[in-house]
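Take a look at the letters that make up each chain.
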Amino acid sequence: MASGESKFGSVAQRTFRERLSREILEVFDQSFKKFTDVQVLSGTHLLNHSDVVVESPTGSGKTLSFLLPLFTILQKKKLQKNEIGALILSPSRELATQISKVALPYAEKLGLTVRTSTGGNKIEKDLKNFKEGSANILIATPGRLYSMLEAERAHLVRCFRSLEVLIVDEADRFSESQFEVALKDILASLPKQRRTGLFSATQTKQYDEMASFGLRNAKKVKVTHSEETVVPSSLNNFYTSCETSEKTLRCLEFIRQRPDKKFLIFYPSCSAVQYFHQIFTRCLTKRPLFRVFGKGLNVSQRATQIQKFSESSNGVMLSTDVMARGIDISDIDWVIQFELPKLSSWFIHRAGRTARCGREGNALIIIGTEQLAYVNFVSQHEKVALKEISVPTSSARKAEELRQKMIKIQCSDRAILEAGTRAFVSHIEAYVKHDCNIVFFIDLDVVGLANSYGLLRLPKMRELAQRKDLEKFDRSSIETSTIKYADPKLEAGRESAMEEKHERKVSVLAEKAKKEKLKLAKKNKHKEQTKAPKRKADDSGDDIHSDIRLMKKIKKGKLSKQEIKNVLN
Ligand SMILES: Nc1ncnc2c1ncn2[C@@H]1O[C@H](COP(=O)(O)OP(=O)(O)OP(=O)(O)O)[C@@H](O)[C@H]1O
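Residues numbered from 1 in each chain as written. Predicted model: local features only at pLDDT ≥ 70, side-chain atom pairs only at ≥ 80, totals over all residues. Heavy atoms only, no water.

A. Layout of the pattern of salt bridges. For the structure shown, the criterion picks out 32 salt bridges. A salt bridge links arginine 173 to glutamate 176; its shortest N-O distance comes to 2.9 Å. Its relative accessible area of 15% is what places arginine 173 among the buried residues. On the basis of relative accessible area, glutamate 176 is assigned to the partly exposed category, the value being 22%. Where salt bridges share partners, they join Arg22, Glu23, Glu26 and Lys109 into one cluster. (Salt bridge = Lys/Arg side-chain N within 4 Å of Asp/Glu carboxyl O. Buried < 20%, exposed > 50% of the residue type's maximum accessible area, 1.4 Å probe, protein only.)

The following block contains the structure:
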C-alpha cells in the first residue's frame, strides 16, 4: 500500500480526528481527505504525552505528523507573544523554509507566530527580529540557533521556558559530528519536561544513542508498506550499468528520451553541479535547466532555483545532496544519481524526492561496470531492490563524440575548463569517503571517469598517486595555457598574472645567472690564489727530480763526504 495512503480504517482515522480542534481540521481538510499512517500513529503518541522515534518512508507525510499534534498542544497552551511553545530543528535551510510553509496556515488560523532562523542572513538581523518580533514556534537550523544562544542566551532561555514540544526532523542526520556541539548546547537550554519527536525515513541511530535527545520511554513508530523494503511502494528503483566513460552520455540520452518528464539529478559536489550545468546548457538545448548547491549560491538564489524548478513541467535540476532530504516537490518524474551516494542511507532520501505520498515515481542510479557490486550492497544494506533498465541509444562511439564536444566547450571558456577539473577532483575526493568503502572497496575506473568529465588533463592528486592505470588516459594535445576566459575581465587578469609570472621567472633566472657568474668568478679567483706559481710547481717538480739525481750520485759514490754534508744541511 502506498505510504501516502492509510492502512488504518475509519475508526482509527476518526479517533485521531476527534483529538484535533475544529480550526486545525478546517485547514487540513482544505488539502487532504484523510490522514496517513504516520500522522495517525505519531500524532496519537505525541498527544498522549509520549516521546516518539518515527521512521516512515519518504513522502509519507511526516511533516504534518508532527505539526498536527504540535498545534493541538499549543492551542490549549494560550502562549504569550514571546513564549516559544515548540522548537523544530532541521538540518538544512531549505527544509526549514519548507516546514515553515506547511506550518503557516495552521499558525495563522490559531493566532500563533512562526519564526524561521536558519542563517543565510546576518545573525544580528535574526536576533533583532527575534527580540522585536515574537515566536511561538521556532524552526531553526542547529548552527544558527547555537549562534543565537551564544549571543542572547538569557533571553532565549526565558523564551524557551514555555516549551512543550521539541521536534527533530531528519533526525539521523544529527548524529553527524558537525551538529554535535550545537545540539548539546541547544538541548541544555530547553526544559526537561517536554515531548520530543525524532523523525526520518532512515532512523539509523540505536535507542541508547537517542538518550542524547533527552528521550524518555519513547514510543517507536515504524511505518513501511511491507517488511521487505522501506521505500514508498509507488517508487520504482532502477539502475543502468555502463562503462564509466559513458556515464555522462548515458545520463543525457536517458533525459533526451523523456522530453516531457521532470528530472532531478544528484551529483557528488558543488563543482560537479556547476560544471555539468554548463555542459548540459550546450547539450540539452530547449530544456529548462536549474542548479542548486551549497557553496557559491546564496539562500535566495537556491530558493529561486527550487521555486522555478517546482513550477516547470519538464525541467532538469542538477543538485548536490542539499536537495536530498525533505524537499517536497510533488511532480518530479525521475531522480537520477550520477554517482553512488556517500552514505547508503542517502540513497533512500535522494530516490524519495519522487513518488511523494502515493504518486508514481522513478529513480535511476548510473553505475559503472566496475561498481556493479553496489546493486547487491544497497539491496542488503538498505532493503532497496533495483531493477536494470537499458538506454538503447548510448554507445562508446557516441560517448567519444560527446567527450570531444565537452573538450570543445572547455576550450571556449577557461572558466569551464577549470570548473571541470575542480569537479573531477571533488568527485574523486567524495568517492573515496563513501561508506561502501567500509564494507568493501568499490573500485573506480578513474580514466573512464576523467573521460566522462571530458578532461583535457588528469590533475595530480594524492588519491591517485598509487594508481597504475593512469597512463591509459588520452591526454589532449591542446596547450591548455592558450585557453582563454570568455569573460574579458578574467582574461585580462590572467594575462597580466601570466606576464607577472613570466617577468618573475625572467628575474629569477637573471638573478640565478648572476649568482652563478659570481660563484664562478669566485671559484676562479680562489683557484688563482691557491695555484703555486708555475716556477714553484716546476720547482716542486724540479725538487723531486734533483733529489732523485742526488740519490743516484750518492749511490755511485760520486760525491765526497764534505759535498754530501753540504747538500744535507
Ligand atoms: N494526509 C495526507 N494525504 C495526502 N497527502 C499528504 C498528506 N499529508 C501530507 N501529504 C503530502 O505528502 C507530501 C509529502 O509530505 P512530507 O514532505 O511531509 O513527507 P515526508 O515524509 O516528510 O517526506 P521526506 O521523508 O522526504 O521528508 C507533501 O506533498 C504533502 O503535501
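B. Here's a closer look at the nonpolar core. Ranked by size, the top nonpolar core spans 84 residues in total, and within it Tyr267, Phe280, Met323, Phe424 and Tyr453 carry the most contacts. It is helix α10 (residues 270-283) that provides the largest number of residues to this core, a total of 8 residues. (Core = buried A, V, L, I, M, F, W, Y, C linked by side-chain atoms within 4.5 Å. Helix = DSSP H or I, 4+ residues; strand = E, 2+ residues; numbered from the N terminus.)

C. Quick peek at the packing of aromatic side chains. If you walk through the whole model with that rule in mind, you get 21 aromatic pairs. Relative to tryptophan 334, the ring of phenylalanine 238 lies with its centre 5.7 Å away and its plane at 35°, an arrangement referred to as tilted. With phenylalanine 238 in strand β8 (residues 235-242) and tryptophan 334 in strand β12 (residues 334-337), this residue pair connects regions lying 96 residues apart in the sequence. A relative accessible area of 14% means that phenylalanine 238 is categorised as buried. Tryptophan 334 sits in the buried class, given a relative accessible area of 7%. (Phe/Tyr/Trp six-rings, centres within 6.5 Å; stacked < 30°, edge-to-face > 60°.)

D. Quick look at helix α3 (residues 37-47). α3 sits mainly inside the fold: 9 of its 11 residues count as buried. Regarding α3, the residues found buried are Asp37, Val38, Gln39, Val40, Ser42, Gly43, His45, Leu46 and Leu47. Directly beyond the C-terminal end of α3, a positive phi value near 65° is found at histidine 49.

E. Quick peek at the side chain of threonine 480. On the secondary structure map, threonine 480 appears in the loop between α17 (446-452) and α18 (488-530). Residues in contact with threonine 480, not counting those within four places in the same chain, are Arg414, Leu417, Leu456 and Arg457. (Contact = heavy atoms within 4.5 Å.)

F. Helix α4 (residues 62-75), seen in detail. Taking 1.5 Å per residue as the helical rise, α4 with its 14 residues ought to reach 20 Å, and the 20 Å between its terminal C-alpha atoms agrees with that figure. A large share of α4 lies buried, amounting to 12 of its 14 residues. Residues of α4 that are buried: Lys62, Leu64, Ser65, Phe66, Leu67, Leu68, Pro69, Leu70, Phe71, Thr72, Ile73 and Leu74. (Expected span 1.5 Å × (residues − 1).)

G. Up close: the side chain of serine 189. Position of serine 189 relative to the elements: it lies in the loop between α8 (180-188) and β6 (195-200). A polar side-chain atom of serine 189 sits 2.6 Å from the main-chain carbonyl oxygen of isoleucine 186. (Polar contact = N/O pair within 3.5 Å; in protein donor to acceptor, adjacent residues only side chain to side chain.)

H. Region of the structure containing the site of the ligand. Residues in close proximity to the ligand total 20 residues, the closest being Lys62, Thr63, Asp328, Arg353 and Arg356. Look at the ligand: alone it shows 640 Å² of surface, and the protein chains cover 87% of it. Among the elements that make up the shell around the ligand, the one with the highest residue count is α4 (3 residues). Its residues assigned to classes, the shell around the ligand shows 6 nonpolar, 8 polar and 6 charged. (Near = heavy atom within 4 Å. Areas by Shrake-Rupley, 256 points an atom, 1.4 Å probe, with all protein chains shown as cover. Nonpolar A, V, L, I, M, F, W, Y, C, P; charged D, E, K, R; others polar.)

Keep in mind that these numbers describe shape and distance, not what the molecule does.
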